[in-house]
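# Descriptive analysis of the structure
Here's the letter readout for the chains.
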Amino acid sequence: MIIRPKLHWFRMLFVWRGSVLPQLLPRLALIFALSVAAIFMHDHMRHYPIGLGTPPFALVGIALAVFLGFRNSASYDRWWEGRKLWGSLVITARSLARQALSMPHPRDAAGTRQFIAAIGALAHALRHQLRGTDASADLAPRLPPELNARVAAARYKPALILLWLGEWVAGRKREGALDGYAMLAIDENLNALSSVIGGCERLTSTPLPFSYSVMIHRTIYLFCVLLPFGLVDGAGLLTPLFALLVAYAFMALEAIAAQIEDPFGLEENDLALNAMCDTLEAALHDMVADPAFERAPAPPSAAPGYILD
């Protein structure tokens, strides 16, 4: 995701990175070529009526705008739900760290550091699972060797780390460092983490119905291809300008909806999961306030989740 400060309205007109314009340029070039062809045919082939008129396009355009509104609303709902899930993950992780630091008596400093480091590792593991990338470089410096070996062999790595967190809490309960009420409070937060993992997996594994995307995609491109021949009678030499404006609006809305439909990907408008993981680990590091607890640096080969611009 591209994170940038608020831009002046004039600079916003020329923003390139983060817009969908680069991927639309070949398609807009096709519309421009069709507009030039429509002008040529209108001026040199007058005995062949090719002007379609604007009324059909007005009717189809209204219906298409309704369909695009539904498509973008559904995609944005998925993007916002993904953001809320990761916000819940950060809040719950901080609560777990606070409980691990304040509730057990006596407190095992080394064990608590491992527990809190594993919370940060869970966020990285979930990020990699949602993106289908390799998590080993991020997990190895954050997990104990025996746990890292277990997680490396697992298919659902966040769930296994969550299981280990529960085992750690149960172990502290058996040692007498936690009473029943404290264990129930911590277990409630572990259940909340499980709900976050399940919600993210549901978003990733359940895309919008394919028939909606295909129908809207076909209608947009058929509309944009025929549009120059409907505008040429009234717009004349300005046909390319108006055809490009309408085509850019419709095609860009569809492209943006396709990007944010999967909010956990690596495209420019997806969620900044790398930044969220870094923010969580910075908060955990500050809470521990122990020189022995060091933040593991992200490896240079890690796929970027956000771009500072």
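For the structure, check the block above.
Computed from a predicted structure; not experimentally measured.

This part is about the nonpolar core. Within the largest apolar cluster, 50 residues are counted, with the highest numbers of intra-cluster contacts made by W86, F115 and L165. Secondary structure elements with two or more residues in this core: helix 3 (55-102), helix 4 (109-131), helix 6 (145-152), helix 7 (157-174), helix 8 (180-205) and helix 11 (273-288). If we skip the residues at most four places from it in the chain, W86 touches A123, L126, R127, L130, C200, F264, L273, M276 and C277. With 20 residues, the next largest nonpolar core counts L28, L68, I220 and A247 among its residues.

Turning our eyes to something else, we now look at the packing of helix 2 (residues 21-44) against helix 9 (residues 210-235). Helix 9 packs onto helix 2 with a crossing angle of 30 degrees between their chain directions and a minimal axis gap of 9 Å. Put simply, helix 2 runs roughly parallel to helix 9. Judged by the twist between their axes, the crossing of helix 2 over helix 9 is right-handed. Contacts between helix 2 and helix 9 involve R27, I31, L34, S35, A38, I39, M41 and H42 on the former and, on the latter, Y221, C224, V225, P228, F229, V232 and D233. Residues of the contact of helix 2 with helix 9, tallied by class, amount to 11 nonpolar, 2 polar and 2 charged.

Here we come to helix 2. Residues three or four positions apart in an α-helix share a direction because the helix packs 3.6 residues into each turn. Helix length check: helix 2 (24 residues) gives 33 Å between terminal C-alpha atoms against 34 Å at 1.5 Å per residue, within 8%. Along helix 2, the sharpest kink reaches roughly 30 degrees, centred on R27. The complete set of buried residues in helix 2 reads L24, L28, I31, S35, A38 and I39.

Quick notes on the rules
Residues numbered from 1 in each chain as written. Predicted model: local features only at pLDDT ≥ 70, side-chain atom pairs only at ≥ 80, totals over all residues. Heavy atoms only, no water. Core = buried A, V, L, I, M, F, W, Y, C linked by side-chain atoms within 4.5 Å. Buried < 20%, exposed > 50% of the residue type's maximum accessible area, 1.4 Å probe, protein only. Helix = DSSP H or I, 4+ residues; strand = E, 2+ residues; numbered from the N terminus. Contact = heavy atoms within 4.5 Å. Axes fitted to C-alpha atoms, helices over the stretch in contact; angles between N-to-C directions. Parallel < 35°, antiparallel > 145°, perpendicular 65-115°, else oblique. Left-handed = near helix turned anticlockwise from the far one by under 90°. Nonpolar A, V, L, I, M, F, W, Y, C, P; charged D, E, K, R; others polar. Expected span 1.5 Å × (residues − 1). Bend = angle between axes of the 7 residues up to and from the residue.

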